Amino acid sequence: MENNSKRFSWTELLLGIIYVIVAFIAFNNPIAILLSIVYVFGMTMIFGGIIALIARNSLKERFGFALTGSLILAILRIFFGILILFNVEIGFITIPILFALWFITESITVIVLTRGIKPFSTALYWIALIIAIFSLIIGLYLLFTPVATLAILPFLVGMYFLTNGFELIVAAFV
């Protein structure tokens, strides 16, 4: 049974729009994007970590639970974001592995959190779950092929940010 209660989330909408913008940058400048990915990734991790801290507080109110893992993930996002911004060489060398770990942790978090979406929208639940599983598969591939990851990173970045950006935009209105 679908629950028709509506809410609007500015944080999900803004983060979704930022993700979509980053996706179009990655698709339009595949060569130049490799270095700028380090900066964009660092800033996105910091901003995403801050948003996750804010969102974690509303999880208990909206869904009746708040995961300790989401707090740890938010803190790690902020820490690694700052590390990447202030040491670009480390960021460039480790970006394939960090990206893979980010895909994996984000995907697992979304898979766990989808149970809170199901009472509101079964369709959105399945869309979110399928996207999260797809992102998890990509994350595992990235983890085990870091050299290939650098070659296809701009496209993967674009696809990840585009799919998750649209998911966040849709979720902002549910």
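One can find the structure itself at the top, above this paragraph.
Residues numbered from 1 in each chain as written. Predicted model: local features only at pLDDT ≥ 70, side-chain atom pairs only at ≥ 80, totals over all residues. Heavy atoms only, no water.

1. Quick look at the packing of aromatic side chains
Alright, step 1. By the definition in use, this model includes 11 aromatic pairs.
Alright, step 2. Between Tyr19 and Phe161 the ring centres are 4.8 Å apart and the planes differ by 90 degrees, which places this aromatic pair in the edge-to-face class. Remark: Phe161 occurs in helix α6 (residues 146-172) and Tyr19 occurs in helix α1 (residues 10-28); sequence separation between them is 142 residues. The two residues Tyr19 and Phe161 agree in class, both being buried. (Phe/Tyr/Trp six-rings, centres within 6.5 Å; stacked < 30°, edge-to-face > 60°. Helix = DSSP H or I, 4+ residues; strand = E, 2+ residues; numbered from the N terminus. Buried < 20%, exposed > 50% of the residue type's maximum accessible area, 1.4 Å probe, protein only.)

2. Brief notes about the environment of Phe166
Alright, step 1. In this structure, Phe166 sits in helix α6.
Alright, step 2. A sequence separation of 151 residues divides Phe166 from Leu15, and the C-alpha atoms of the two residues are 9.9 Å apart.

3. What to know about the nonpolar core
Alright, step 1. Within the largest apolar cluster, 29 residues are counted, with the highest numbers of intra-cluster contacts made by Ile37, Phe41, Phe99, Val157 and Phe161.
Alright, step 2. With residues up to four places along the chain from it excluded, the contact list for Phe99 reads Ile37, Phe41, Leu153, Val157 and Phe161.
Alright, step 3. Counting residues in each nonpolar core, the second largest holds 5 residues, with Ile117, Leu124, Ala128 and Leu129 among its members. (Core = buried A, V, L, I, M, F, W, Y, C linked by side-chain atoms within 4.5 Å. Contact = heavy atoms within 4.5 Å.)

4. Concerning the packing of helix α4 (residues 88-113) against α6
Alright, step 1. The N-to-C vectors of α4 and α6 enclose an angle of 30 degrees; their axes lie 10 Å apart at closest approach. In terms of orientation, α4 and α6 fall into the roughly parallel class. The two elements α4 and α6 meet at a crossing, and its hand is left-handed. Between α4 and α6, the contacting residues are Ile95, Pro96, Phe99, Trp102, Phe103, Glu106 and Val110 on the first element and Pro146, Thr149, Leu150, Leu153, Leu156, Val157, Tyr160, Phe161 and Glu167 on the second. (Axes fitted to C-alpha atoms, helices over the stretch in contact; angles between N-to-C directions. Parallel < 35°, antiparallel > 145°, perpendicular 65-115°, else oblique. Left-handed = near helix turned anticlockwise from the far one by under 90°.)

5. Points about the environment of Lys118
Alright, step 1. With respect to the helices, strands and loops of the structure, Lys118 is situated in the loop between α4 and α5 (122-144).
Alright, step 2. The class of Lys118 is partly exposed, set by a relative accessible area of 38%.
Alright, step 3. C-alpha separation for the pair Lys118 and Pro146, spaced 28 residues apart in sequence, amounts to 35 Å.

6. Overview of α5
Alright, step 1. A rise of 1.5 Å per residue sets the reference length of α5, with its 23 residues, at 33 Å; its end C-alpha atoms lie 33 Å apart and thus fit the reference within 8%.
Alright, step 2. In the core, the buried residues of α5 are packed alongside α4 and α6. (Expected span 1.5 Å × (residues − 1).)

None of the figures reported here should be taken as evidence of function without further support.
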